[in-house]
Amino acid sequence: KNEVEQSPQNLTAQEGEFITINCSYSVGISALHWLQQHPGGGIVSLFMLSSGKKKHGRLIATINIQEKHSSLHITASHPRDSAVYICAPVGRKKSSGDKLTFGTGTRLAVRP
Amino acid sequence: DAGVIQSPRHEVTEMGQEVTLRCKPISGHNSLFWYRQTMMRGLELLIYFNNNVPIDDSGMPEDRFSAKMPNASFSTLKIQPSEPRDSAVYFCASSFEQGVWAKNIQYFGAGTRLSVL
């Protein structure tokens, strides 16, 4: 079973701060998703990555496959970034029950 | 494109009743996912279809749950009989996958909030 740990669980930041959310997983994966869930409940997929780094606007996601670790960075944070951020590693193969598993999420609040 | 469309948005039913949740994926997408989210367990994958074929249903909790995808533009998740512990938000998502593994961006529907009394 792929154990997924996210840290921190809760994060409060001032507008403009640089934010890092970490995700560690226990088994080999083929890819990893970062999801954003807004207070209203809607879920948006931010990134899917299987190596290296991806950037979209103020968001940057990195992954280190060997270390089984991924990070999501937000530069120049803004109150509209307030949401729950969830990482979801994708299992490498169907056997042994590998599948999409999810971290418990990091609740981010950005204060103006 | 209207995005992934789920219906109903809210469903309140009594224990023992049959519940059917519906999902219309984004046109052209070939993979569809059903997720369940609760406070206790967070987000869980229930079942994953690729080209209308169930690839991984290991997340389906028990025989009371069943999912179908009769064609590329429609899927249902059925609970029969429903129980109070099935109360959750159920999300449907779709993506275009080159292979059979969920390696591409997924687009989520707004979810169906189910309450079983």
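Residues numbered from 1 in each chain as written. Chains lettered and ligands numbered in written order. Predicted model: local features only at pLDDT ≥ 70, side-chain atom pairs only at ≥ 80, totals over all residues. Heavy atoms only, no water.

### Description of the pairing of strand β8 (residues 69–74) of chain A
Successive side chains on a regular strand alternate, one facing one side of the sheet and the next facing the other.
All names here are of chain A.
Okay, so step 1: With respect to burial, β8 is a largely interior element, five of its six residues being buried.
Okay, so step 2: Pairing between strand β3 (residues 19–25) and β8: six bridges, direction antiparallel. In the sheet register, I19 faces β8, and the bridge partner there is I74.
Okay, so step 3: Alignment of strand β7 (residues 59–64) against β8, held across six bridges, turns out to be antiparallel. Each residue of the ladder has a partner; that of I60, found in β8, is H73. (Buried < 20%, exposed > 50% of the residue type's maximum accessible area, 1.4 Å probe, protein only. Helix = DSSP H or I, 4+ residues; strand = E, 2+ residues; numbered from the N terminus. Pairing = 2+ DSSP bridges.)

### Things to note about the state of the cysteines
Okay, so step 1: For the structure on display, the rule yields two disulfides over all chains.
Okay, so step 2: The disulfide partner of C23(A) is C87(A), and the S-S distance across this bridge is 1.9 Å. Residues C23(A) and C87(A) are joined through a disulfide that is right-handed, its torsion about the S-S bond being 60°. Here C23(A), found in strand β3, pairs with C87(A), found in strand β9 (residues 83–91); they are 64 residues apart in sequence, far enough to count as distant. For the pair formed by C23(A) and C87(A), the shared burial category is buried.
Okay, so step 3: Shown here is the disulfide that connects C23(B) with C92(B), its sulfur atoms set 1.9 Å apart. Its S-S torsion of about -70° marks the bond between C23(B) and C92(B) as left-handed, since a negative value means left-handed. Of this pair, C23(B) sits in strand β3 (residues 19–24) while C92(B) sits in strand β9 (residues 88–95), placing them 69 residues apart in sequence. (Disulfide = S-S within 2.5 Å.)

### Examining the nonpolar core
Okay, so step 1: The biggest cluster of nonpolar side chains holds 22 residues, and the ones touching the most others in it are L32(A), W34(A), L72(A) and Y85(A).
Okay, so step 2: Breaking this core down by element, the ones donating at least two residues are β3, β4 (29–37), β5 (43–49), β7, β8, β9 and β10 (106–111) of chain A.
Okay, so step 3: If you tally residues by element for this core, the top one is β3(A), at four residues.
Okay, so step 4: The contact partners of L72(A), leaving out residues within four places of it in the chain, are I19(A), T20(A), I21(A), W34(A), L46(A), F47(A), I60(A), A61(A) and Y85(A).
Okay, so step 5: Formed by 21 residues, the second largest nonpolar core is a distinct cluster that contains L46(B), A88(B), C92(B) and V116(B). (Core = buried A, V, L, I, M, F, W, Y, C linked by side-chain atoms within 4.5 Å. Contact = heavy atoms within 4.5 Å.)

### Description of the sheet that holds strand β8 (residues 74–79) of chain B
Residues and elements named next belong to chain B.
Okay, so step 1: If you trace the four strands from one edge of the open sheet to the other, you get β1-β3-β8-β7, paired in antiparallel fashion. Every other strand in the sheet has two partners, leaving β1 (5–7) and β7 (65–71) as the edge strands with one partner each. In this sheet, neighbouring strand axes are inclined to one another by 15° on average, regardless of whether the strands run parallel or antiparallel. (Axes fitted to C-alpha atoms, helices over the stretch in contact; angles between N-to-C directions.)

### Some remarks on the packing of aromatic side chains
Okay, so step 1: Tallied over the entire structure, the rule returns five aromatic pairs over all chains.
Okay, so step 2: Aromatic side chains F33(B) and Y48(B) sit 4.5 Å apart centroid to centroid with 10° between the ring planes, which places their arrangement in the stacked category. Linking F33(B) in strand β4 (residues 31–38) with Y48(B) in strand β5 (residues 42–50), this pair joins segments that are 15 residues apart in sequence. The burial state of F33(B) is the same as that of Y48(B); both residues are buried.
Okay, so step 3: Within the aromatic cluster, the residues linked to one another by ring pairs are F102(A), F33(B), Y35(B), Y48(B), F91(B) and F108(B). (Phe/Tyr/Trp six-rings, centres within 6.5 Å; stacked < 30°, edge-to-face > 60°.)

### Some details on unusual backbone geometry
Excluding glycine, a negative phi dihedral is what most residues carry, and trans is how most peptide bonds are arranged.
Okay, so step 1: Following S7(B), the chain continues to P8(B) via a peptide bond in cis, the omega torsion being -10°.
Okay, so step 2: Along the chain, P8(B) turns up in the loop between β1 and β2 (10–13).
Okay, so step 3: With an omega dihedral of -5°, the bond running from Q80(B) to P81(B) counts as a cis peptide bond.
Okay, so step 4: Positionally, P81(B) belongs in the loop between β8 and β9.
Okay, so step 5: At A76(A), a residue that is not glycine, the phi angle is positive and equals roughly 45°.
Okay, so step 6: In this structure, A76(A) sits in the loop between β8 and β9.
Okay, so step 7: In this structure A76(A) comes out as partly exposed when scored by relative accessible area, which is 45%.

None of this, on its own, says anything about what the molecule does.
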